[in-house]
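Chain by chain, the residues:
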Amino acid sequence: MANSFFTDSFELTKIDSNTPVELITTDISWATDRETKFIVPDGFNATSTAFSWPKDWLKWINNPEKFTELPKKINNEHLINWMNPAAFPSFTKLYAKVNLEGGQKYTLKINYRYMVHEFGGRKFIRLAETSWMGGRSRFLGIAYCMVGACCLAAAVFFAVISRKLGLSDTSEERRLTNNS
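Residues numbered from 1 in each chain as written. Predicted model: local features only at pLDDT ≥ 70, side-chain atom pairs only at ≥ 80, totals over all residues. Heavy atoms only, no water.

Q: Describe helix 3 (residues 139–165), with residues and values.
A: In a regular helix each residue adds 1.5 Å, so 27 residues correspond to 39 Å; helix 3 covers 39 Å between its end C-alpha atoms and thus fits that length. Looking one or two places after helix 3, you find Gly166, whose phi comes out positive at around 70 degrees. (Helix = DSSP H or I, 4+ residues; strand = E, 2+ residues; numbered from the N terminus. Expected span 1.5 Å × (residues − 1).)

Here it is, written out as structure tokens:
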């Protein structure tokens, strides 16, 4: 588990009308994580001596003196995304989704609270246009579809071969009994 939590926040506004743009922060984590993985087990006692809070966590709570036990279910999808382990040292985590209008100019205000200079880290903002096949580069989506099609073709090929040659469990059993 991480001993930190990404605490930066963002405000996006249209430049011409100075109206805020909604950052959609629901459904940014996997449904299985929300429904099964981030639920505190029955009988868990966060105030016992067997459990200690990560050292920096109380900094991010609004009322640390009242925060003595974990909620039954973690609903903060930013925390859920942050706690999922990354495969590589350089990683991206989804913060929000946004629906933007074309031809508009926007201002992004960043409330910088997650300090990375202490460990020599860096932060970047990545904006991506996505579809059902993934991001702007369609290579990965097309590659997945091609591999799936090849696997399906191989399965059909092997099914036809096994039917033509008459390979089944009974013929295999006969072969084994004849060899004994």
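Text resumes after the structure shown.
Q: Before we move on, could you go through the packing of aromatic side chains and cite the residues and values that matter?
A: Note on aromatic pairs: each is described by the distance of the centres and the angle between the planes. One pass over the full model with this rule turns up 3 aromatic pairs. Plain terms: the ring middles of Phe10 and Tyr95 are 4.7 Å apart, the flat faces sit at 75 degrees to each other, and that makes the pair edge-to-face. One end of the pair, Phe10, is in strand 1 (residues 9–14); the other, Tyr95, is in the loop between helix 2 (77–83) and strand 3 (106–111), and 85 residues separate them in sequence. (Phe/Tyr/Trp six-rings, centres within 6.5 Å; stacked < 30°, edge-to-face > 60°.)

Q: Any details on the sheet that holds strand 2 (residues 20–21)? Residues and values, ideally.
A: The 3 strands are arranged 2-1-3 in an open sheet whose pairing can be described as antiparallel. In the strand order of this sheet, the two ends are held by strand 2 and strand 3, each with one partner. Direction of pairing for strand 1 relative to strand 3: antiparallel, over a ladder of 6 bridges. The partner of Glu11 across the bridge, within strand 3, is Lys109. (Pairing = 2+ DSSP bridges.)

Q: Summarise the pattern of salt bridges; cite the residues concerned and give the values.
A: On inspection of all chains with the given rule, the structure shows 4 salt bridges. Close ionic contact of Asp8 with Lys123 constitutes a salt bridge, the shortest N to O distance being 2.4 Å. Pair noted here: Asp8 is in the segment before strand 1 and Lys123 is in the loop between strand 3 and helix 3, with a separation of 115 residues, a long-range link. Owing to a relative accessible area of 4%, Asp8 belongs among the buried residues under this scheme. Its relative accessible area of 29% is what places Lys123 among the partly exposed residues. Note that Arg34 is salt-bridged to Asp27, the shortest N-O span being 3.2 Å. Here the residues in one salt-bridge network are Asp27, Arg34 and Glu77, joined through shared partners. (Salt bridge = Lys/Arg side-chain N within 4 Å of Asp/Glu carboxyl O. Buried < 20%, exposed > 50% of the residue type's maximum accessible area, 1.4 Å probe, protein only.)

In short, shape yes, function no, at least from these values alone.
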